[in-house]
Amino acid sequence: MSPELRISIRSPVSEASLLAARYDHLKIVPECPPARYNGECHVNMIRKMQASFAWDWGLAVPSMGLWKPVRLEYYDSAKIRDITFALFDEETHWRVMVGVYLESGIAKKKLQGTLLFKILGVQIQNEIANVDENTDTTGELFVEHSLTVNKSAIELWWPNGYGRQKLYNLYVKWEDNVINSIKIHDRETMIDEKVIRVGFRNIKLSQERTSDGLMFYFIVNDVPMFMKGSNWIPSSVLPESSYDENYVKFLLYATRDANMNMLRVWGGGVYESDYFYQLADELGILIWHDMMFACSMYPADETFLNNVKVEVMQNIRRIQYHPCISIWATNNENEVALRQNWYGTHVNDEMYTKEYKKLYVEVVQPTIEKVDKWRTVLISSPSNGDQSIKEGNIAKNPQDPHYGDVHYYNYINNGWNPIIYRGGRFISEYGFQSFPALTSWPVRDLRNDELADLIEHRQHSPLGNEPILHMIEENLPLPNTDSTNYWRDIIYLSQISQAMIVKTETEVYRSKRIEYGTMGALYWQLNDVWIAPSWSSIEYGGKYKILQYWMKDVFAQNHVIAYINALKKLDLYVVRDTLGADETCSVEINVYQWNKFKKVDNFTFNSIKVPENTVIRIGSYDIYDHLHQKKLEPKNHLLLINLYRDGSKIADNFVLLDKIKNVAQMVAPTVRLTIASSNCNTVTNVVQVSLEVVISSPAVFLYMSLSPENSSLKQCQFSKNGFLQFTPIQTVYLKCVDIGCKSKIQSDDIDVLTVNELFPQHTSRSDNK
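The structure displayed is predicted, hence computed values, not measured ones. (Residues numbered from 1 in each chain as written. Predicted model: local features only at pLDDT ≥ 70, side-chain atom pairs only at ≥ 80, totals over all residues. Heavy atoms only, no water.)

**Let's talk about the sheet that holds strand S9 (residues 190-198)**
Note: strands within a sheet are paired through backbone hydrogen bonds, in either parallel or antiparallel orientation.
Next up, step 1: The sheet built from 4 strands is open, its strands ordered S6-S5-S8-S9 with antiparallel pairing. Strands with a single pairing partner mark the edges of an open sheet, and in this sheet they are strand S6 (128-134) and S9. Pairs of neighbouring strands in the sheet enclose a mean axial angle of 20°, with direction left out of account.
Next up, step 2: Pairing geometry for strand S5 (residues 110-119) and strand S8 (residues 168-176), over 7 bridges, is antiparallel. The partner of lysine 118 across the bridge, within S8, is tyrosine 171. (Pairing = 2+ DSSP bridges. Helix = DSSP H or I, 4+ residues; strand = E, 2+ residues; numbered from the N terminus. Axes fitted to C-alpha atoms, helices over the stretch in contact; angles between N-to-C directions.)

**Re the packing of helix H5 (residues 302-319) against helix H7 (residues 349-371)**
Next up, step 1: Running from N to C, H5 and H7 point in directions that differ by 30°, and their axes come no closer than 9 Å. Here H7 runs roughly parallel to H5, going by the angle between their axes. Between H5 and H7 lies a crossing of right-handed hand. Where H5 abuts H7, its residues Phe304, Leu305, Val308, Lys309, Val312, Met313, Ile316 and Arg317 lie against Lys358, Leu359, Val363, Val364, Thr367, Ile368 and Val371.
Next up, step 2: Looking at the contact of H5 with H7, its residues break down into 11 nonpolar, 1 polar and 3 charged. (Parallel < 35°, antiparallel > 145°, perpendicular 65-115°, else oblique. Left-handed = near helix turned anticlockwise from the far one by under 90°. Contact = heavy atoms within 4.5 Å. Nonpolar A, V, L, I, M, F, W, Y, C, P; charged D, E, K, R; others polar.)

**A look at the confidence of the model for the protein chain**
Next up, step 1: Taken residue by residue, the protein chain gives an average pLDDT of 95. The fraction at 70 or more is 97%.
Next up, step 2: Long-range and interchain partners of residues 182-188, a stretch whose pLDDT sits below 50, account for 5 contacts in this model, where long-range means more than four residues apart.
Next up, step 3: Counting contacts from residues 763-769, a segment whose pLDDT is below 50, to residues more than four positions away or on other chains yields 24 contacts. (pLDDT = per-residue confidence, 0-100.)

**Overview of the layout of surface pockets**
Next up, step 1: The volume enclosed by the second largest pocket comes to roughly 1,300 Å³.
Next up, step 2: Taken together, 44 residues make up the lining of the second largest pocket; nearest its centre are Asp553, Asp652, Lys720, Phe723 and Gln730.
Next up, step 3: Residue composition of the lining of the second largest pocket, by class: 21 nonpolar, 14 polar and 9 charged. (1 Å grid on protein atoms, 1.4 Å probe; cavity = no way out; pocket = protein on both sides within 12 Å on 5 of 7 lines; lining within 4 Å. Points joined across faces, edges and corners; volume = space filled by probe spheres on them.)

**Here's the deal with the nonpolar core**
Soluble globular proteins: nonpolar side chains tend toward being buried together.
Next up, step 1: If you look at the biggest cluster of nonpolar residues, it comprises 147 residues, and the most contacted ones within it are Tyr492, Ile496, Trp594, Ile660, Phe701, Met704 and Val755.
Next up, step 2: When residues in this core are grouped by element, the largest group, 13 residues, is from helix H11 (residues 486-515).
Next up, step 3: The contact partners of isoleucine 496, leaving out residues within four places of it in the chain, are Trp416, Leu476, Ile546, Phe701 and Val755.
Next up, step 4: The next biggest cluster of nonpolar side chains, apart from the first, holds 34 residues, and it includes Ala78, Ile83, Val98 and Tyr168. (Core = buried A, V, L, I, M, F, W, Y, C linked by side-chain atoms within 4.5 Å. Buried < 20%, exposed > 50% of the residue type's maximum accessible area, 1.4 Å probe, protein only.)

**A few points about H5**
Next up, step 1: If you check H5, its first and last C-alpha atoms are 26 Å apart, about what 18 residues at 1.5 Å a residue would give, namely 26 Å.
Next up, step 2: Phe304, Leu305, Val308, Glu311, Val312, Asn315, Ile316, Arg317, Arg318 and Ile319 are the residues of H5 that are buried. (Expected span 1.5 Å × (residues − 1).)

**Some words on the pattern of salt bridges**
Close approach of charged atoms allows side chains of opposite charge to pair.
Next up, step 1: Here the structure, examined in full by the defined rule, presents 37 salt bridges.
Next up, step 2: The salt bridge partner of lysine 512 is glutamate 515, with a shortest N-O separation of 2.8 Å. A residue pair is termed a helical-turn pair when its members lie 3 or 4 positions apart in one helix, as lysine 512 and glutamate 515 do in helix H11 at 3 residues.
Next up, step 3: Arginine 645 serves as the salt-bridge partner of glutamate 583, at 3.1 Å between the closest nitrogen and oxygen. Placement of the pair is glutamate 583 in strand S23 (residues 583-593) and arginine 645 in strand S26 (residues 637-645), with a sequence separation of 62 residues. (Salt bridge = Lys/Arg side-chain N within 4 Å of Asp/Glu carboxyl O.)

**Details of the sheet that holds strand S21 (residues 558-564)**
Next up, step 1: Judged by pairing direction, the sheet is antiparallel, and its 3 strands sit side by side in the order S21-S22-S25 without closing on themselves. Whereas interior strands pair on both sides, the edge strands pair on one side only; in this sheet they are S21 and strand S25 (614-621). Along the sheet, successive strands turn relative to each other by an average axial angle of 15°, direction set aside.
Next up, step 2: Bridge count for S21 against strand S22 (residues 570-576) is 7 bridges, and the pairing is antiparallel. Across the sheet, tyrosine 563 pairs through a bridge with aspartate 571, a residue of S22.
Next up, step 3: Where H11 meets the sheet, it contacts S21, S22 and S25, and its direction lies at approximately 100° from that of S21.

**A short note on the pairing of S26**
Next up, step 1: Of all 9 residues that make up S26, 7 are buried, and the element is covered over most of its length.
Next up, step 2: Relative to S26, S23 runs antiparallel, the two being bridged by 9 bridges. By the bridge assignment for S26, glutamine 593 is matched with histidine 637.
Next up, step 3: Bridging between S26 and strand S27 (residues 648-656) involves 8 bridges; their strand directions are antiparallel. Directly across from leucine 639, in S27, lies its bridge partner valine 655.
Next up, step 4: A loop of 2 residues connects S26 with S27, the two strands running antiparallel in sequence, and aspartate 646 in this loop sits at a positive phi of about 55°.

**Re the side chain of glutamate 311**
Next up, step 1: With respect to the secondary-structure elements, glutamate 311 resides in helix H5.
Next up, step 2: For glutamate 311, the residues in contact, after removing those within four places along its chain, are Arg47, Tyr271, Met292 and Phe293.

**Structural notes on empty space enclosed by the protein**
Next up, step 1: Applying the stated criterion to the full structure yields 3 cavities of 30 Å³ or more.
Next up, step 2: Its volume calculated, the largest cavity comes out at about 70 Å³.
Next up, step 3: If you go around the largest cavity, the residues you meet are Leu26, Ile28, Ser296, Met297, Tyr298, Tyr352, Glu355, Tyr356, Leu359 and Tyr360.
Next up, step 4: Of the residues contributing to the lining of the largest cavity, the split by class is 8 nonpolar, 1 polar and 1 charged.

**A look at the side chain of glutamate 355**
Next up, step 1: Assignment of secondary structure puts glutamate 355 in helix H7.
Next up, step 2: One buried charge, glutamate 355, has no salt-bridge partner; the nearest side chain with opposite charge is lysine 358, at 5.2 Å.
Next up, step 3: If sequence neighbours within four positions are ignored, glutamate 355 has contacts with Tyr23, His25, Leu26, Ile28, Tyr298, Pro299 and Ala300. (Lys, Arg positive; Asp, Glu negative; His and termini not counted.)

**Some details on the state of the cysteines**
Next up, step 1: Scanning the entire structure with this criterion turns up 3 disulfides.
Next up, step 2: One disulfide bridge connects cysteine 32 with cysteine 41, the sulfur atoms lying 2.0 Å from each other. Measuring the twist about the S-S bond at about 105°, one finds the cysteine 32-cysteine 41 disulfide to be right-handed.
Next up, step 3: Among the residues examined, cysteine 32 registers a relative accessible area of 37% and is labelled partly exposed.
Next up, step 4: Between the sulfur atoms of cysteine 716 and its disulfide mate cysteine 736 the distance is 2.1 Å. The sign of the 125° torsion about the S-S bond sets the cysteine 716-cysteine 736 disulfide as right-handed. Highlighted residues: cysteine 716 in strand S31 (residues 714-718) and cysteine 736 in strand S33 (residues 729-737), separated in sequence by 20 residues. You'll find cysteine 716 and cysteine 736 in the same group, each marked buried.
Next up, step 5: In the protein chain, the bonded cysteines, numbered by position in the sequence, are linked as 1-2, 3-6, 4-5. (Disulfide = S-S within 2.5 Å.)

Written out as structure tokens, the structure is:
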């Protein structure tokens with residue numbers, strides 16, 4: 001009888017339910033997601049993408065089947081299965097610890113041979129390791145070998161914005177001496193080879209004590225760095241599609257281009273593809289990496305724990321060597337869920353706490369640390385870092401802003417107001433929802449009520465659409481509910497509101513580096529898995545929301561931050577993330593009326609000395625008193641602020657002096673778009689269009705979108721969008737993927753919206769032809 005490999009595939013929904021019914025240790029909560037999710041139950045009982053049973057931003061698609069390549073391997077000696085890599089700074093040289101996992105498939109087999117190590121293009125010491133040991137009971141042998149590399153021989157790897165991402169090829173070859181001597185299959189030697197790309201950099205999570213808690217920040221190559229970025233969910237709810245290299249590349253390039261230097265791989269998704277980590281290495285995107293446990297309690301019986309141990313071990317071994325990996329966290333929000341009784345665990349707190357520690361403290365954390373001795377492992381996110389450990393791995397308040405990282409959401413107060421945001425050491429989640437663009441919804445020509453039903457159906461947040469609509473009503477003019485364009489306008493306003501809220505919060509956090517020691521801001525979330533209301537800045541399929549456009553400036557290496565504080569004064573900061581000699585800058589504050597191109601007042605702060613990698617607080621300015629003296633009414637004016645270095649503008653920003661809905665002097669501009677040039681590269685299939693945007697009066701949050709007739713164009717982005725235009729003309733660029741270079745973009749293909757025309761006194765639409 002021939003050998004047979006048989007694979008049985010069972011329904012994940014049925015299997016999860018069956019496991020929950022059989023589990024007699026404890027009720028694993030939550031048993032089902034909130035009803036609003038329209039999801040499936042007991043996802044915490046099985047090791048699948050947790051979000052595939054539905055989430056507050058995603059649909060339920062509990063897939064089944066093989067989704068990665070399957071192959072049968074056979075070999076006479078041993079195969080190099082994984083390589084780990086760790087660096088230790090020895091002042092004049094790097095001590096490189098390379099771990100090699102040799103797999104023979106035979107327990108207690110004697111392996112005799114040599115391992116050869118080379119870093120291509122770099123001279124190293126101690127490049128050969130002799131092996132004469134038995135494999136373990138699983139048929140595996142781990143060999144750890146130390147190499148020495150002179151620092152002068154290599155170039156450092158830097159996060160995005162701080163330097164180049166230099167990578168080196170580490171080559172490892174196994175030669176079997178025994179097989180060589182008996183010449184099996186007429187081969188003179190049995191070898192296996194593996195190459196990985198590594199980067200030379202050191203990274204440390206610093207948690208030194210302060211007068212009121214602990215710091216929490218990353219030091220890379222001896223440089224304390226403010227981490228700017230977002231949270232990554234799977235690029236598709238179907239795991240096989242989440243490995244789509246073209247789409248992953250698009251999203252990671254968007255991350256890099258928005259001046260981010262960190263992404264958090266969230267714990268309810270999947271361990272990402274090798275390509276994801278390789279590209280993050282190349283682009284300088286540091287990865288905060290959760291293990292795949294999120295928003296739930298989990299089983300802690302022997303079968304589950306053994307399965308988890310293998311899962312964690314295999315994935316850490318697979319991706320550990322990448323320089324992009326900065327930190328591990330064993331789970332997402334499970335410490336705070338347990339402590340704050342999210343799922344009713346207080347009825348048996350002792351038992352839930354025991355099983356929590358059994359899973360994360362006794363299994364997940366030591367399994368990570370056994371493979372990777374080089375990086376910090378957090379017990380959860382959010383957590384109080386070292387303080388959580390001190391408090392028995394479950395802190396009294398895992399959201400204490402004086403320690404570790406926090407997740408912060410506020411749907412009650414006005415998110416446009418900077419005074420509502422508290423300080424924190426590191427904010428690893430925060431954000432606000434918006435609706436995807438009108439042209440992104442899968443059904444065309446829907447009436448307002450039909451689109452409202454579809455949006456309502458796909459809104460999975462238990463709070464529904466109310467927070468979005470409330471923030472619009474609080475700050476912006478409302479469209480007429482009887483208008484045929486009601487949902488088009490509400491969608492547009494929702495994206496403005498989301499962008500304003502995340503911009504405001506992020507800029508507060510960047511400025512709080514001084515006051516609170518805040519050193520990280522990772523907003524929730526970068527991407528989406530379907531077209532639905534969510535916190536994302538990039539819609540499913542690749543269309544940028546206004547937020548994604550704005551974050552390029554909000555996270556810029558040089559930035560000027562200004563906002564009205566609790567005392568109604570203007571706080572002013574200059575941010576510089578670059579390295580090098582001190583720079584001298586000036587800040588110009590211009591007062592504009594909402595309806596005029598010409599500024600009505602201005603004042604300048606000169607000779608501001610800005611050292612490398614820091615935030616400078618210029619001070620507080622009584623702007624309302626200044627306007628009063630000038631007889632300028634705040635509600636009819638705004639501030640446009642410019643940062644100059646050596647006479648050149650390097651950053652700009654704006655400050656609202658009142659709610660936009662209160663502006664009394666708003667004029668609806670005539671907007672005219674002209675195609676200045678259009679070129680398509682037939683090799684890359686990328687078309688680039690230069691647009692001249694001509695307006696008759698200032699335009700508030702001018703937003704451009706391609707009409708639905710251009711559906712053949714993919715991944716289109718403007719160079720800027722949703723912007724304030726206070727000059728009569730400016731140039732904007734549009735870039736799209738146009739397979740075959742067949743499309744001819746005309747100005748008529750681009751629709752324009754402005755807030756101006758939504759004021760009650762304006763009923764006509766913009767002329768963008």
